[in-house]
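Report on the structure
Here's the letter readout for the chains.
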Amino acid sequence: MSASVTALVVVGAVALVCAAAYGYLLHSPRPAEPRLGAPVTVDTITVDDRSRAYRAFVPADLPPGAPLLFVLHGSQQDGKTIRTATGYGFDKLAERHGFAVVYPDGYKRGWNDGRTAAVTPARKEDVDDEGLIAALVERFRQRHGIDPARVFVTGFSNGGQMAFRLAARTPERIAAIAVIGAGLPTPDQWAVTEPRRPLPVLLIAGTRDPIMPYEGGEASIFGFQKRGTVLSAEATAHAFAEVNGITEPPISWPPATLPLNGSGAEGPLVTETRYSQPGKAPVVAFTIFGGGHTIPNPDHRFPRLMGRTDHTLNAPAAIWDFFSEAMRADAPRRPRQ
């Protein structure tokens, strides 16, 4: 065999290995898009002289005074990709339960969150993402009659850090937050004031997250590109419980040794830990044992490089159940505006 032929064989073998690695580690099959009773719209809004894009699903029969839900994507994502990454779960819930859902695009695929170590262009250029959320709330109030007192924020990864910033800086504008794959920055890492006002909070974290360490410590991109230190998942939940004035011990269910998939096979187990007390805003933390930097849902698998995607917990449904609970508890105290 000549040297040139040998080289071609080697190149071909390397290409096959690379293709196989890509297929296994990076490929993520796209779920089937649901049939909805209204179109998903794409629009822009100008904030601080910047044109900002967003996607939105507004049910055709949206009632007056309906809730508004923001879903904030992770770094290097956008509104389109986070909509897919949640298995279109929030769209289906919005149609079923009568609320509007908005998927804004972060500036250059990232958010100006509350961490000093953040390196997104939005952080470097001090983009007004708080202003973006406020402007979108006002637009949807004017166009669709949503209730400004029932605005909820869900965030994943960098979007989860942005939700933490909103909880710290503008808690009066939002009714509750849900965060997936993000821990609170340690006190020395806050670029803004830490959360100090009670707010219902739901947290979802995987114990084998390769980016956001479940036990706390240095967040990084697979050990590279450090992103500052964060609290552990447990300490994050405890910090919010403390802000909310909850002094009673949390209750967890089920015990971590029980599989939830009914098969008895090994796999991610899910436990729910609830910090609650009469008259106090609750904190709920879901732990995905064996779960990665992913969004648990029944319809979409993240790339395997991000760790294991749990399908036993339907995160969009759990999040909306939590927000619905917050609305019921808050109804006597926060009339529609």
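Okay, the pairing of strand β4 (residues 100–104) next. Burial within β4 is extensive, with 5 of its 5 residues counted as buried. Of the two faces of β4, both are covered, the one formed by Ala100, Val102 and Pro104 as well as the one formed by Val101 and Tyr103. Pairing geometry for strand β2 (residues 50–57) and β4, over 4 bridges, is antiparallel. Its bridge partner being in β4, Arg55 is matched across the sheet by Tyr103. Summarising the sheet, strand β3 (residues 68–72) and β4 pair through 3 bridges and their orientation is parallel.

Turning to the side chain of His293, a few remarks are in order. By secondary structure assignment, the location of His293 is in the loop between β12 (283–289) and α8 (315–330). In this structure the side chain of His293 is engaged in a polar contact, spanning 2.8 Å, whose partner is the side chain of Asp209. Leave out the neighbours within four places in its chain, and His293 touches Phe156, Ser157, Gly181, Asp209, Pro210, Ile211, Met212, Phe302 and Met306.

With that settled, consider the packing of helix α3 (residues 89–97) against α8. Put simply, α3 and α8 touch, their axes get as near as 9 Å, and they point 40° apart. Taken together, the axes of α3 and α8 lie oblique to each other. Here α3 runs over α8; the crossing is right-handed. Here Gly89, Phe90, Leu93 and His97 of α3 lie close against α8, whose contacting residues are Pro316, Ala317, Ile319 and Trp320. Split by residue class, the contact of α3 with α8 holds 6 nonpolar, 2 polar and no charged.

What follows concerns helix α5 (residues 129–144). A rise of 1.5 Å per residue sets the reference length of α5, with its 16 residues, at 22 Å; its end C-alpha atoms lie 22 Å apart and thus fit the reference within 8%. Among the residues of α5, those classed as buried are Asp129, Glu130, Gly131, Leu132, Ile133, Leu136, Val137, Arg139 and Phe140. The opening residue of α5 is Asp128, an N-cap whose side-chain oxygen sits 2.8 Å from the backbone nitrogen of Gly131.

Within the sequence span of helix α7 (residues 233–243), burial applies to Ala233, Thr236, Ala237, Phe240 and Ala241. Down the axis of α7, the sector holding all buried residues measures 135°, keeping them to one side. Residues Glu234 and Glu242 are exposed on α7 and point more than 90 degrees away from its buried face. Looking at the buried residues of α7, the elements they touch are α6 (158–169), β6 (176–180), β7 (201–206), β11 (269–275) and β12.

Counting through the fold element by element, Thr287 comes out in strand β12. Residue classification places Thr287 among the buried residues on the basis of a relative accessible area of 9%. Polar side-chain contacts of Thr287 include one of 3.0 Å to the side chain of Tyr214.

Moving on, we get to the pattern of salt bridges. Per the counting criterion, the structure on display carries 18 salt bridges. Arg83 is the partner of Asp91 in a salt bridge, and the nearest nitrogen-oxygen pair spans 2.5 Å. Owing to a relative accessible area of 0%, Asp91 belongs among the buried residues under this scheme. Residue Glu272 pairs with Arg274 through a salt bridge whose shortest N-O separation is 3.6 Å. Several salt bridges converge on common partners, so that one network encompasses Arg30, Glu33, Arg83 and Asp91.

Further remarks concern the confidence of the model for the protein chain. Scored by pLDDT, the protein chain has a mean of 88; 85% of the residues are at 70 or more. Confidence over residues 9–22 falls short of pLDDT 50; this stretch has 3 contacts with residues more than four positions distant or in other chains. Counting interchain partners and residues more than four positions distant, the pLDDT-below-50 stretch residues 332–337 has 11 contacts.

A few words now on the sheet that holds strand β5 (residues 151–156). Remark on secondary structure: sheet strands pair via backbone hydrogen bonds, oriented parallel or antiparallel. What the 10 strands build is an open sheet, ordered β1-β2-β4-β3-β5-β6-β7-β12-β11-β10; its pairing is mixed. Since the sheet does not close on itself, it has two edges, and those belong to β1 (40–47) and β10 (251–253), each with one partner. Sheet twist, expressed as the average angle between the axes of neighbouring strands with direction ignored, equals 20°. Sheet topology note: the β7/β12 ladder contains 6 bridges and is parallel. Within β12, the position partnered with Ala205 by the bridge is Thr287. In this fold α3 packs onto β1, β2, β3, β4 and β5, with an angle of close to 155° to the strand it touches most, β4.

Okay, the pairing of β1 next. Pairing of β1 with β2 involves 8 bridges; the strand directions are antiparallel. Pairing of Thr41 across the sheet is with Ala56, part of β2. Connecting the antiparallel pair β1 and β2 is a turn made up of 2 residues, with Asp48 showing a positive phi of about 55°.

Tallying each qualifying case throughout the model produces 8 aromatic pairs. Pairing Trp320 with Phe323 gives two aromatic rings, centres 6.4 Å apart and planes at 90°, and the pair type is edge-to-face. With Trp320 and Phe323 both in helix α8, this residue pair falls 3 residues apart, about one helical turn. Like Phe323, Trp320 is buried. Of the aromatic side chains, those joined through ring pairs into one cluster are Phe99, Phe152, Trp320, Phe322 and Phe323.

Calculation notes
- Residues numbered from 1 in each chain as written.
- Predicted model: local features only at pLDDT ≥ 70, side-chain atom pairs only at ≥ 80, totals over all residues.
- Heavy atoms only, no water.
- Buried < 20%, exposed > 50% of the residue type's maximum accessible area, 1.4 Å probe, protein only.
- Helix = DSSP H or I, 4+ residues; strand = E, 2+ residues; numbered from the N terminus.
- Pairing = 2+ DSSP bridges.
- Polar contact = N/O pair within 3.5 Å; in protein donor to acceptor, adjacent residues only side chain to side chain.
- Contact = heavy atoms within 4.5 Å.
- Axes fitted to C-alpha atoms, helices over the stretch in contact; angles between N-to-C directions.
- Parallel < 35°, antiparallel > 145°, perpendicular 65-115°, else oblique.
- Left-handed = near helix turned anticlockwise from the far one by under 90°.
- Nonpolar A, V, L, I, M, F, W, Y, C, P; charged D, E, K, R; others polar.
- Expected span 1.5 Å × (residues − 1).
- Arc of directions from axis to C-beta.
- Salt bridge = Lys/Arg side-chain N within 4 Å of Asp/Glu carboxyl O.
- pLDDT = per-residue confidence, 0-100.
- Phe/Tyr/Trp six-rings, centres within 6.5 Å; stacked < 30°, edge-to-face > 60°.

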